[in-house]
Amino acid sequence: MHLHIIGICGTFMGSLALLARELGHQVSGSDQNVYPPMSTQLTEAGISLMEGYHADHLTPIPDLVVVGNAMSRGNPEVEALLNSGVPYTSGAQWLAEYVLPTRRVIAVAGTHGKTTTASILAWLLESAGLKPGFLIGGVPRNFGVSARIGDPAAPFVVEADEYDTAFFDKRSKFVHYRPHIAILNNLEFDHADIFPDLAAIERQFHHLVRTVPSQGQLLVADQQPALERVLVQGVWTPVMHFGDQAKSEWQFKLERDDASRFQVIYSGGAPGQDKKRQEEDGVVEWALTGEHNARNALAAVAAAHLCGVDLARGCAALARFETPRRRQEVRGEINGIQVIDDFAHHPTAIAATLKGLRAATTKGRLLAVIEPRSNTMRLGALRERLIDSVADADGVFWFQPAGLDWSMEELVATQGAHAHLYSDINELVEAVVSQASPLDRIVVMSNGGFEGVHERLLAALANAKEA
């Protein structure tokens, strides 16, 4: 089958293309924004990429077109598709029909941490010899690809996004996946371009809960009021909670403040029962930092345990876990100055990343370089929360990208002398490099290419060292 994907370089659609290629399909695709790491792995897989959206991309006529959820009416390639009569579907529906049947599906949902949690879970299953399939909205470095079919008899891990499915299907993508195990990591307001309020997102999570069978399992983060409201709407599946609360079936206890070492405690029994004894435990010591990552790991360990992975062995395997691309990824170090890439795109994620790095940065300063690029950030829906999100940074360099619907000047003015605003990428790089000193850590946060700022920073730091 010749499969053509419109919007192929998005994290989800690119991963879908890899699965289709692995299944033996001929795959082509088009996108307006083509940049690594997704473009690189697609090209290496032998997938034909086309720049922009044009009617002639549908020639020769494909057997089926998969339409990305970022596509809308008025797009010239979409209009040509509708006029042509060629069959089309959404990415989530294609996955549900061609990959997920007969698989034990584990869906990882939540506002934050989906990519990291799904990557950890896939690695735990892999380290136990299960050869899982997966589709993840990033590139797990333990695997080098964002998606694979895996052993048909093994579980399939899918990053379950609440964003809408397509212009012709406004349900959240995750309602298509019919998981046997669902991880609900957290829930906050996001995606202001499609959801009017948090209650609307909670309703979509309820729809996901409705699809989990009674013989399945819900793993729900503790201390998440929005998730508890989701459960109140109706639940037909056993529920176990995870977090740092003593009443949760799965609990973590930090042994280091930066969360690079923590204990995992599993107290078995049905939810709500008095847990008089600790049944199993393990210790995680790994390269990641931040309490949020400890929670991500705990959720993954719990799901892997449900698939038969020994708890202690699973915890030990995390010592060999490598962060996914763009999740606290060290891009380079020049003259003792680290440049770290992180996907944080929401005030809560920014704060969590900086808190974890702050605890792990015992020498030198923590400098944050941030581009508010997500649709929610562009609309300014959470801009007031950005003020406190950078409290753990010693210096903040904000970048105002073209197309932002609000001015960041007032925001930066409230943050004092340690915050700076730039609209020119070269001026931003020059300012960061002029302030950076050996032992400092520069963390770059954006969910886009950020005009190649990581490479620009490393090159400028190298030039400064030579000078």
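What counts and what doesn't
Residues numbered from 1 in each chain as written. Predicted model: local features only at pLDDT ≥ 70, side-chain atom pairs only at ≥ 80, totals over all residues. Heavy atoms only, no water. Helix = DSSP H or I, 4+ residues; strand = E, 2+ residues; numbered from the N terminus. Rg over C-alpha atoms; globule rule 2.2 N^0.38 Å. Buried < 20%, exposed > 50% of the residue type's maximum accessible area, 1.4 Å probe, protein only. Contact = heavy atoms within 4.5 Å. Axes fitted to C-alpha atoms, helices over the stretch in contact; angles between N-to-C directions. Parallel < 35°, antiparallel > 145°, perpendicular 65-115°, else oblique. Left-handed = near helix turned anticlockwise from the far one by under 90°. Nonpolar A, V, L, I, M, F, W, Y, C, P; charged D, E, K, R; others polar. Core = buried A, V, L, I, M, F, W, Y, C linked by side-chain atoms within 4.5 Å. Domains from an automatic or database assignment. pLDDT = per-residue confidence, 0-100. Pairing = 2+ DSSP bridges. Phe/Tyr/Trp six-rings, centres within 6.5 Å; stacked < 30°, edge-to-face > 60°.

### Focus on the overall build of the protein chain
Now for step 1: When its secondary structure is counted, the protein chain shows 15 helices and 23 strands.
Now for step 2: Relative to a compact globule of 467 residues, whose C-alpha radius of gyration would be 23 Å, the protein chain shows 22 Å and is just as compact.
Now for step 3: Counting only C-alpha atoms and orienting by the principal axes, one finds that the protein chain spans roughly 65 × 60 × 40 Å.
Now for step 4: Expressed as a percentage of its 467 residues, the buried residues of the protein chain come to 57%.
Now for step 5: A separation of at least 24 residues holds for 65% of the contacts in the protein chain among residues at least 6 apart in sequence.

### Notes on the packing of helix H5 (residues 114-127) against helix H8 (residues 291-306)
Now for step 1: In contact at an axis separation of 8 Å, H5 and H8 are set at 40° when each is read in the N-to-C sense. Looking at the two axes, H5 sits oblique to H8. H8 is crossed by H5, and the crossing has right-handed handedness. Note on element contacts: H8 touches H5 through Asn293, Asn296, Ala297, Ala299, Ala300, Val301, Ala303 and Ala304, opposite Thr116, Thr117, Ile120, Leu121, Leu124 and Leu125.
Now for step 2: Tallied by class, the residues present in the contact of H5 with H8 amount to 10 nonpolar, 4 polar and no charged.

### What to know about the nonpolar core
Now for step 1: Leu95, Leu121 and Trp250 are the most contacted members of the largest nonpolar core, which totals 95 residues.
Now for step 2: No other element matches H8, which puts 9 residues into this core.
Now for step 3: Of the domains in this structure, domain 1 (2-91) and domain 2 (100-319) are the two that each give at least three residues to this core.
Now for step 4: Leaving out residues up to four positions away in the same chain, tryptophan 250 has contacts with Met240, His241, Phe242, Gly243, Val264, Ile265, Tyr266, Leu298, Val301, Ala302, His305 and Leu311.

### Focus: the confidence of the model for the protein chain
Now for step 1: Confidence in the prediction of the protein chain, expressed as mean pLDDT, is 87, and 91% of residues score 70 or more.
Now for step 2: Of the regions scoring below 50 in pLDDT, residues 270-277 engages in 11 contacts with residues more than four places distant in sequence or in other chains.

### Here we look at the sheet that holds strand S20 (residues 366-370)
Now for step 1: In space, the 6 strands of this open sheet follow the order S18-S19-S23-S20-S21-S22, with mixed pairing throughout. What marks the edges here is a single partner per strand, and that holds for strand S18 (329-334) and strand S22 (419-422). Between one strand axis and the next, the sheet turns by 20° as a mean value, whatever way the strands run.
Now for step 2: With 5 bridges connecting them, S18 and strand S19 (residues 337-342) associate as antiparallel partners. Counterpart to glycine 332 in the pairing with S19 is valine 339.
Now for step 3: Along the sheet, helix H10 (residues 347-360) contacts S19, S20 and strand S23 (441-445); its crossing angle with S23, the most-contacted strand, is approximately 165°.
Now for step 4: Strands in contact with helix H14 (residues 425-435) are S20, strand S21 (395-399), S22 and S23; relative to S21, the strand with the most contacts, it is inclined by about 170°.

### Observations regarding the packing of aromatic side chains
Now for step 1: With the rule as written, the count across this model stands at 9 aromatic pairs.
Now for step 2: Arranged with centres 4.7 Å apart and planes meeting at 50°, the rings of phenylalanine 134 and phenylalanine 143 form a pair that is tilted.
Now for step 3: In this structure phenylalanine 134 comes out as buried when scored by relative accessible area, which is 0%.
Now for step 4: Judged by its relative accessible area of 18%, phenylalanine 143 is buried.
Now for step 5: With centroids separated by 6.0 Å and ring planes inclined at 70°, the aromatic side chains of phenylalanine 262 and tryptophan 286 adopt a geometry described as edge-to-face. Of this pair, phenylalanine 262 sits in strand S16 (residues 261-266) while tryptophan 286 sits in the loop between strand S17 (280-285) and H8; the two residues are 24 residues apart in sequence, bridging distant segments of the chain.
Now for step 6: Overall, the relative accessible area of 0% leaves phenylalanine 262 in the buried class.
Now for step 7: Residue classification places tryptophan 286 among the buried residues on the basis of a relative accessible area of 7%.
Now for step 8: Connected via pairs of aromatic rings, a cluster forms that spans Phe252, Phe262, Trp286 and Phe321.

### Brief notes about the sheet that holds strand S1 (residues 2-6)
Now for step 1: If you walk across this open sheet you meet the 5 strands as S3-S2-S1-S4-S5, and the pairing is parallel. Sheet topology places strand S3 (48-51) and strand S5 (88-90) at the edges, where each strand pairs with a single neighbour. Between one strand axis and the next, the sheet turns by 25° as a mean value, whatever way the strands run.
Now for step 2: Sheet analysis places S1 next to strand S4 (residues 64-67), joined by 4 bridges and oriented parallel. Residue isoleucine 5 lies in a different strand from S4, and its bridge partner there is valine 66.
Now for step 3: Lying over the sheet, helix H1 (residues 11-22) contacts S1, strand S2 (26-31) and S4, oriented at roughly 175° with respect to S1.

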